Amino acid sequence: MALDKRRVQTAVIGHADSELPVVLPMEAIELDDFRAHHADQTYWCGVWLGGCGHQLYTKLYTDRACHFAHGPDPEHTSTCARKAAGVSSADHLYIKHGLLAWMAEQDITATATIPREADGSIGPEVLFTPAGQAGLRVLLSEPAGSPALAEEDSAQLVLGPEIASDPDVLLRQGYVNRIQLIPDGTRRRIQVGTERHGGTTEWFDLHEVEFTDAGLTTPAVEEVRRLRTTRRPIGVQTPKATPQQTRPTVRATSEETRGIPSPDRADVMAALEQAVNDGRSRTEIRRWLNRAEEVTHGGATAEENGLIRAAVDALLRLERAVGLPTPREPTFQERKALQKVQRLLGDLAERKRLGFPIITPAQRRQLAQAAEQASAWLTDTQRSQVQAWQTAPTESAPAPRTPQSLARPRAPRVPPAAPHSVRFDAAGLADEVRDVLEHAARLGKTVPLTDLCIQVKGLGALPESDQEQVLRRVKPTARPRSPKPQRPALLTALITTKAGIMHPIYRRLADHAGHHLPQHADSAWTDTVKILHDRYRTP
């Protein structure tokens, strides 16, 4: 059986067992930038993508979408049974690492697993186990057999954008949380959405979401819970009518009807239902909703409670200006424009960091055109950055050089000191280092620094001070499973000399992290390595 010949848009970086995903741009000009940014890196049809584990290569086309392709296999000894190859086929890896990093920022210790099906294929879910809290299940597609979702704790269940929600859960809970990933350069950005009773979904970036004992909590979830706490419970006993007064007032007459069926009560509920069904103004819905709360003060039937909930949801949609359909996928041109905006903003930010906060007229024009075309997909931060650069100082075009100026002697140009110290991507290199070290930890091994520099392209070209800066950024994705405090263990302890002993750079990394080592640190280092091996090899 031949290798997969479909257009593969996703891969993993470094090796077949890597969990570091990447998405290949479809446009030729974007692929050129991608290749320059990921120079000397290798791409693989990763096993955590359901792939065959063979190396992939970028294919550039100008008349069709660029994509990854398998390497040649003259003997036809390998097969690839990868079921998905599009831009969303690595979403489970982005979700796993994204939510783990997000929980770590909130000081939540958690682990994550991606279960496999009986046939060995990657399952449709990611399971998170936070220490001391209920687990979180992210379901990206309908599982085999389609078990009833309502049987689970709906607050701890997060659905993919295409999975149908259970109407009973929406009615009982008032909302269902969802998750989606949107394009963000060559990566994917996580958003959490809250679907309300009525079918509308409001989306939030991760920095707007919290993780509580009740699961993922968005601003929309908080508002639904707040409004629902004012609802009257079903089944409250009807209070006895107030005794007849000698001189009844209008207010007393109204009190006599509270909590008991009456023509006035039926008329109020009918008027509220009509206002919701007709889509009337929020003023009129609120007026009838307030009246309905008055007449059901002593207790509400199931039908009345359902109507009040529907009215609350309708009022929320009007007051918060929500109610739009689930965001569609961007078109090819919109995706291309968004990538151009991100690239231009990155270039301008780099120039500003180097002391040149100016923009050329061509860059300003290109940024405005691309931002207008990708307007629906820009974040608030990107919009503010685009607006700021539109008013930034303009770099004048250099005057044309005359032939005489070419012959004039020029003063020798002083080269900038250590250009690699300015240009290298410390965060990107740290991610690759982490990937290599975690793979070694799972195998119960250590990695000599010289071998690490070979596997992480660009690391060996840095001076020792910059290498140390990269290694300081290395953060593990695996967390202790026990909620009890455990001895801290830096992942960089796995870096050794050629002889397999502790590398001197580890002492400086440990001191910087506050893990001060004794003068003779061999025993402490050996214990740390053992902790890492046990932690990563724990099923």
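Placed above this text is the structure.
Asker: Would you take a moment to explain the overall build of the protein for this structure?
Answerer: Along its length, the protein carries 18 helices and 16 strands. Across the 539 residues of the protein, 44% fall into the buried class. Taking as baseline every contact in the protein between residues at least 6 positions apart, the subset at least 24 positions apart corresponds to 62%. Carbon together with sulfur atoms contributes 54% to the accessible area of the protein, which is approximately 29000 Å² in total.

Asker: How do you make sense of the nonpolar core when you look at a structure like this?
Answerer: In summary, soluble globular proteins display a tendency toward joint burial of nonpolar side chains. Val433, Leu437, Leu452, Leu459, Val470, Leu471 and Tyr506 are the most contacted members of the largest nonpolar core, which has 36 residues in total. Elements supplying a minimum of two residues to this core: α14 (426–442), α15 (449–455), α16 (464–472), α17 (504–512) and α18 (522–537). Here this core gets 8 residues from one element, more than from any other, and that element is α14. Discounting residues that sit within four places of it in the chain, Leu452 has contacts with Val433, Val436, Val447, Leu459, Leu471 and Ile495. Listed in part, the 34 residues of the second largest apolar core include Leu99, Val158, Ile190 and Leu216.

Asker: Looking at this model, I keep getting lost on the environment of Ala310. Mind explaining?
Answerer: In this structure, Ala310 sits in helix α8 (residues 302–319). Residue Ala310 is classed as partly exposed on the basis of its relative accessible area, which comes to 22%. Counting along the chain gives 113 residues from Ala310 to His197, while the straight-line C-alpha distance between them is 7.0 Å. In contact with Ala310, not counting residues within four places along its chain, are His197 and Val276.

Asker: Honestly, the pattern of salt bridges in this entry has me stumped. Any pointers?
Answerer: As a working rule, side chains carrying opposite charge can pair if their charged atoms are close by. By the definition in use, this model includes 18 salt bridges. Residue Glu195 pairs with Arg178 through a salt bridge whose shortest N-O separation is 2.9 Å. Placement of the pair is Glu195 in strand β11 (residues 187–196) and Arg178 in strand β10 (residues 175–184), with a sequence separation of 17 residues. The buried category is assigned to Glu195, whose relative accessible area is 8%. Notably, a salt bridge pairs Asp534 with Lys530, separated by 3.0 Å at the nearest N-O pair.

Asker: Any chance you could explain the sheet that holds strand β8 (residues 136–139) here in plain terms?
Answerer: Sheets are built from strands that pair by backbone hydrogen bonding, the pairs being arranged parallel or antiparallel. An order of β6-β7-β8-β9-β10-β11-β12 is seen for the 7 strands of this open sheet, with the pairing classed as mixed. Edge strands, defined here as strands with exactly one partner in the open sheet, are β6 (110–113) and β12 (201–205). Averaged over all adjacent pairs, the angle separating strand axes in this sheet is 25°, with direction ignored. Both β10 and β11 contribute to a ladder of 10 bridges, which runs antiparallel. What sits directly across from Gln180, in β11, is Gln191.

Asker: Looking at this structure, how should I read helix α9 (residues 332–353)?
Answerer: Note on helix geometry: an α-helix contains 3.6 residues per turn, so any two residues three or four positions apart are oriented the same way. For α9, with 22 residues, the first-to-last C-alpha span of 32 Å sits near the 32 Å given by 1.5 Å per residue. Elements in contact with the buried residues of α9: α1 (28–37), β10, α10 (361–373) and α11 (380–390). Count one or two residues on from α9 and you reach Gly355, which has phi positive near 100°.

Asker: Where do I start with the sheet that holds strand β5 (residues 67–70) in this structure?
Answerer: Strands sit in the order β2-β1-β3-β4-β5 across an open sheet of 5 strands; the sheet is antiparallel. Across the chains shown, the open sheet's two edge strands, defined by having one partner strand only, are β2 (21–23) and β5. As defined by bridge partners, strand β1 (residues 10–13) adjoins β2 across 3 bridges and the pair is classed as antiparallel. Paired with Val12 across the bridge in β2 is Pro21. Set on the sheet, α1 makes contact with β2, β3 (43–44) and β4 (55–59); between it and β4 the angle comes to about 135°.

Asker: Teacher, can you tell me more about helix α4 (residues 219–228) here?
Answerer: All buried positions along α4 are accounted for by Ala220, Val221, Glu223, Val224 and Arg228. Projected down its long axis, α4 shows its buried positions confined to an angular sector of 165°, all on one face.

Asker: How should the pairing of β1 be read in this particular structure?
Answerer: Two faces make up the sheet, and in a regular strand the side chains alternate between them. Neither face of β1 is open: one carries Thr10 and Val12, the other Ala11 and Ile13, and all of them are buried. For β1 and β3, the ladder comprises 2 bridges, and the chain directions are antiparallel. When the bridges of β3 are listed, Ile13 appears paired with Tyr43.

Asker: What is the right way to look at the environment of Ala16 in this model?
Answerer: When you line up the elements, Ala16 lands in the loop between β1 and β2. Spatially, the C-alpha atoms of Ala16 and Trp44 are 5.4 Å apart, while their sequence positions differ by 28 residues.

Asker: Teacher, can you tell me more about the packing of aromatic side chains here?
Answerer: Two descriptors summarise a pair of aromatic rings, namely the distance from one centre to the other and the angle between the planes of the rings. Within this structure, the stated rule accounts for 2 aromatic pairs. Summarising the aromatic geometry, the rings of Tyr43 and Phe68 are spaced 5.3 Å apart at their centres and angled 45° between planes, so their arrangement reads as tilted. Remark: Phe68 occurs in strand β5 and Tyr43 occurs in strand β3; sequence separation between them is 25 residues. Taking relative accessible area as the criterion, Tyr43 reaches 7% and is therefore assigned buried. With a relative accessible area of 0%, Phe68 lands in the buried category. Sitting over the ring of Tyr61, Arg64 keeps its end group 3.8 Å from the ring centre. Arg116 extends its terminal NZ or CZ atom over the ring of Trp48, reaching a point 4.7 Å from the ring centre.

Rules used throughout
- Residues numbered from 1 in each chain as written.
- Predicted model: local features only at pLDDT ≥ 70, side-chain atom pairs only at ≥ 80, totals over all residues.
- Heavy atoms only, no water.
- Helix = DSSP H or I, 4+ residues; strand = E, 2+ residues; numbered from the N terminus.
- Buried < 20%, exposed > 50% of the residue type's maximum accessible area, 1.4 Å probe, protein only.
- Contact = heavy atoms within 4.5 Å.
- Areas by Shrake-Rupley, 256 points an atom, 1.4 Å probe, with all protein chains shown as cover.
- Core = buried A, V, L, I, M, F, W, Y, C linked by side-chain atoms within 4.5 Å.
- Salt bridge = Lys/Arg side-chain N within 4 Å of Asp/Glu carboxyl O.
- Pairing = 2+ DSSP bridges.
- Axes fitted to C-alpha atoms, helices over the stretch in contact; angles between N-to-C directions.
- Expected span 1.5 Å × (residues − 1).
- Arc of directions from axis to C-beta.
- Phe/Tyr/Trp six-rings, centres within 6.5 Å; stacked < 30°, edge-to-face > 60°.
- Lys NZ or Arg CZ within 6 Å of the ring centre and 35° of its normal.

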